[in-house]
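A closer look at the structure
If you want the building blocks of each chain, they are given just below.
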Amino acid sequence: RVRQSHNLVLLLTANVLLRPWVLIELVTAMEYNVRVVPVEIKKPGKGFSFPDEEFYAKLRKGQILDTVCTTLLKEEGLSLADIERAVRMVFKKIAVPYSPHRPESIRKAEVRALLKQVRLRPPTNGPGARASLDGAAWRESSAMQNTTSASKRAAYAVKKSSSGVLTGDRKSDRRGIPEHDLW
């Protein structure tokens, strides 16, 4: 599903970058030029730690991910260098905040800011065609074959449907966000 998505919303919660399916979907998104929108979940006492150079050095050395995770990544044809490259690309963008415990007016404003970040990809010229040079650059920089994802999803794909933008299982309209659809 990531391959056909227009956007992938990455919810920045504690340990999200330790989850193998999240990492697989990030690499897939980069390979297929799916826009990744990082969303920082703001909760008192539970913050996301943005990766720094120490994180990337430990990742390269195999000190961040457990054996189960690295085995799964290898089975999917991914290296730690692929993961590092994808994570670095994600954090070239400023994360959009979302505060689930703040007043409704603030949450609505944050959702509107998020919706301003999502984009529809231009149509492709047929099966296997990519939307822009970003995807081509990703493929050239990583000598990866197409990867497959299983049904487990830890990041939410934002996909265009005939009725609007689908975020997880909630429908919304870019012009107005019906309250009953979001909360």
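Preceding this paragraph is the structure being described.
One structure accompanies this document, and this report is about it. Note that the structure is a prediction, hence the values are computed from the model and not measured.

A few words on the overall build of the protein chain. A count of helices and strands for the protein chain gives 7 helices and 6 strands. Put simply, the protein chain runs from its N terminus to its C terminus through helices and strands in the order β-α-β-α-α-α-β-α-α-β-β-β-α. Residues counted as buried form 40% of the 183 residues belonging to the protein chain. Considering only contacts within the protein chain whose residues lie at least 6 apart along the sequence, 77% involve residues at least 24 apart.

On to helix α5 (residues 104-117). Helix length check: α5, at 14 residues, gives a terminal C-alpha distance of 20 Å against a target of 20 Å (1.5 Å per residue), a fit within 8%. Those residues of α5 not exposed but buried are R107, E110, V111, L114 and L115. All buried residues of α5 fall inside an arc of 140° around its axis, so they share one side. Pointing more than 90 degrees away from the buried face of α5 are the exposed residues S105 and K116.

Here C69 shows up in helix α3 (residues 67-75). In this structure C69 comes out as buried when scored by relative accessible area, which is 1%. As for C69 and W21, which are separated by 48 residues in sequence, their C-alpha atoms are 8.7 Å apart. Contact partners of C69, with chain neighbours within four places excluded, come to L18, P20 and L23.

So, about the pattern of salt bridges. It is possible for side chains bearing opposite charge to pair when their charged atoms get close. All chains considered together, the criterion is met by 7 salt bridges. Here K42 and E40 are joined by a salt bridge, their closest N and O atoms 3.6 Å apart. We note a salt bridge from R88 to E84, for which the minimum N-O separation is 2.9 Å. Within this pair, R88 and its partner E84 are both found in helix α4 (residues 80-90), separated by 4 residues, close to a single helical turn. Three or more residues are tied together by salt bridges with common partners; here these are E53, R60, E84 and R88.

Within strand β1 (residues 7-12), 5 of the 6 residues are buried, which leaves it mostly tucked inside the rest of the structure. You can see the chain leave β1, run along helix α1 (residues 20-31) and come back into strand β2 (residues 35-41), and the turn it takes is right-handed.

Here the focus is the side chain of N7. Following the sequence through the fold, N7 ends up in strand β1. Given a relative accessible area of 2%, N7 falls into the buried group. Polar contacts involving the side chain of N7 include one to the main-chain carbonyl oxygen of R119, which spans 2.8 Å.

As for its placement among the helices and strands, R1 is situated in the segment before β1. A C-alpha to C-alpha distance of 9.9 Å links R1 and T28, two positions 27 residues apart in sequence.

Let us look at the nonpolar core. Grouped together as the largest cluster of nonpolar side chains are 32 residues, with contacts concentrated most on L17, L23 and L26. Of all the elements in the fold, those that place two or more residues in this core are β1, α1, α2 (53-60), α3 and α4. Counting residues per element, this core draws most heavily on α1, at 8 residues. Among all residues touching L17, those that are not within four sequence positions of it are L23, L26, F48, P51, F55, L65, V87 and F91. Counting 10 residues, the second largest nonpolar core, distinct from the first, contains V39, I41, V111 and L114.

The next point concerns the packing of aromatic side chains. For any pair of aromatic rings, the description rests on two quantities: the centre-to-centre distance and the angle between the ring planes. In total, this model carries 4 aromatic pairs according to the counting rule given. Ring geometry for F50 and F91: centres 5.7 Å apart, planes at 85°, overall edge-to-face. Of the two residues, F50 is situated in the loop between β2 and α2 and F91 in the loop between α4 and β3 (96-98); the sequence distance between them amounts to 41 residues. Classification of F50 as partly exposed rests on a relative accessible area of 39%.

Thresholds, definitions, all that
- Numbers given for residues are sequential positions, taken from 1 along each chain in its written order.
- With the structure being a predicted model, the display of local features is reserved for residues of pLDDT at least 70 and the display and counting of side-chain atom pairs for 80 or more, all residues being used for whole-chain, interface and lining totals.
- Only hydrogens and water are set aside when side-chain values are computed; all heavy atoms of the structure are taken into account.
- Runs of H or I in DSSP of at least four residues are treated as helices and runs of E of at least two as strands, each being numbered from the N terminus.
- For each residue, the accessible area found with a 1.4 Å probe, counting protein chains only, is set against the maximum for its type, and the residue is called buried under 20%, exposed over 50%, and partly exposed in between.
- Any pair of residues with heavy atoms lying within 4.5 Å of one another is described as a contacting pair.
- A helix is expected to span 1.5 Å for every residue after the first.
- Here the arc refers to the set of directions running from the helix axis out to each C-beta atom.
- By salt bridge we mean one thing: a side-chain nitrogen of Lys or Arg within 4 Å of a carboxyl oxygen of Asp or Glu.
- Crossovers are marked right-handed if the path from the first strand over the helix to the second runs clockwise, as seen with the strands pointing away from the viewer.
- We call two N or O atoms a polar contact when they sit within 3.5 Å, provided that within protein one can donate a hydrogen and the other can accept it, with sequence-adjacent residues counted only if both atoms are side-chain atoms.
- Within this scheme, the nonpolar core is defined by two criteria: the residues are buried Ala, Val, Leu, Ile, Met, Phe, Trp, Tyr or Cys, and they are joined through side-chain atoms within 4.5 Å.
- Each pair of aromatic rings taken from Phe, Tyr and Trp, with Trp reduced to its six-membered ring, is defined by centres within 6.5 Å and is described as stacked if the planes are under 30 degrees apart, edge-to-face if over 60, and tilted in the remaining cases.

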